[in-house]
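Remarks on the overall topology
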Amino acid sequence: LSVDENKVAENINRETRLVFVGLEKTWNSVSITVRERVPAAVVKHSGIYYLLDRSGMVLDESQEEGHFSGLPEVSGIGLAGRNSTRVGAFLNVSSQRQLEVLSELLLEIKVHSAERIIASIKLSNMEDILMETVDGFSVRMGDTTHIRGKIKALLLVREELLNRNSGSGTIDVSTYTEPTFISET
């Protein structure tokens, strides 16, 4: 069997919802492995809401607020040009680092099953990333280092605060080994 793996990958990756993972050939068969792209966040641009997977691929769009509810809304990303958001394409960003950090954040949020806990992610200042939880806690992540540790610390502190019925405030995990909570009251 003659199969061009690059062409197969290219054709599969054109499909907005699929990602080529690999191809295995035997003397009489070909096995293709694909992964479905999973919605991970929403970006609003020019009044339109764009559904993203964790790598920044635009999966869908809607003008209806709340259409993609239940996922973190991302703000502060520098989008480059008019065609920066198109279904079936990756976000065209002015800072590739922002997209890399967003991807890492979304991966850690997924790994820790926190997709329904994080309401928003603000990436306008990469030295002071901010988030908000669905329960009203503000979160100060600090810079882009130790994202895994910071997400773990956030979830542990949040759980403890909810158990204590502590009210709203800011969870600071910028030093993830010593997180702090500043109450609004």
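Residues numbered from 1 in each chain as written. Predicted model: local features only at pLDDT ≥ 70, side-chain atom pairs only at ≥ 80, totals over all residues. Heavy atoms only, no water.

**Observations regarding the nonpolar core**
Counting residues in each nonpolar core, the largest one holds 38 residues, and the members touching the most others are Leu105, Ile121, Leu123 and Met131. At the level of elements, β3 (39-45), β4 (48-53), α2 (96-111), β7 (118-122), β8 (129-133), β9 (138-142) and α3 (147-164) are the ones that each hand at least two residues to this core. Among the elements that take part in this core, α3 stands out by supplying seven residues, more than any other. Once you skip the residues sitting within four places of it in the chain, Met131 turns out to touch Leu105, Ile118, Ser120, Ile121, Phe137, Ser138, Val139, Met141, Ile151 and Leu154. In this structure, Val42, Tyr49, Leu51 and Phe68 belong to the second largest nonpolar core, which totals seven residues. (Core = buried A, V, L, I, M, F, W, Y, C linked by side-chain atoms within 4.5 Å. Buried < 20%, exposed > 50% of the residue type's maximum accessible area, 1.4 Å probe, protein only. Helix = DSSP H or I, 4+ residues; strand = E, 2+ residues; numbered from the N terminus. Contact = heavy atoms within 4.5 Å.)

**Some remarks on the environment of Ser55**
In this structure, Ser55 sits in the loop between β4 and β5 (58-62). In this structure, Ser55 is in contact with Arg37, Phe90, Leu99 and Ser103, ignoring residues within four places of it in sequence. In terms of polar contacts, Ser55 uses its side chain to reach the side chain of Arg37, at 3.3 Å. (Polar contact = N/O pair within 3.5 Å; in protein donor to acceptor, adjacent residues only side chain to side chain.)

**Here's the deal with the pairing of β4**
Look at any regular strand and the pattern is simple: side chains alternate between the two faces of the sheet. With six of six residues buried, β4 lies mostly within the body of the structure. Residues of β4 alternate between two faces, with Ile48, Tyr50 and Leu52 on one and Tyr49, Leu51 and Asp53 on the opposite face, all of them buried. Here β3 runs beside β4; their pairing, made up of six bridges, is antiparallel. By the bridge assignment for β4, Ala41 is matched with Leu52. In textbook terms, the turn of a hairpin is the stretch between consecutive antiparallel strands, and for β3 and β4 this stretch comprises two residues, one of which, Ser46, has a positive phi near 55°. The pairing of β4 with β5 spans four bridges and is classified as antiparallel. (Pairing = 2+ DSSP bridges.)

**Some details on the packing of α2 against α3**
As a packed pair, α2 and α3 sit with axes 10 Å apart at the nearest point and diverge in direction by 45°. When the axes of α2 and α3 are compared, the pair comes out oblique. Relative to α3, α2 is oriented so that their crossing is right-handed. Residues Val101, Glu104, Leu105, Glu108 and Ile109 of α2 form the contact with α3, whose own contacting residues are Ile147, Arg148 and Ile151. Considering only residue class, the contact of α2 with α3 consists of five nonpolar, no polar and three charged. (Axes fitted to C-alpha atoms, helices over the stretch in contact; angles between N-to-C directions. Parallel < 35°, antiparallel > 145°, perpendicular 65-115°, else oblique. Left-handed = near helix turned anticlockwise from the far one by under 90°. Nonpolar A, V, L, I, M, F, W, Y, C, P; charged D, E, K, R; others polar.)

Function-wise, these values are silent; they only describe arrangement.
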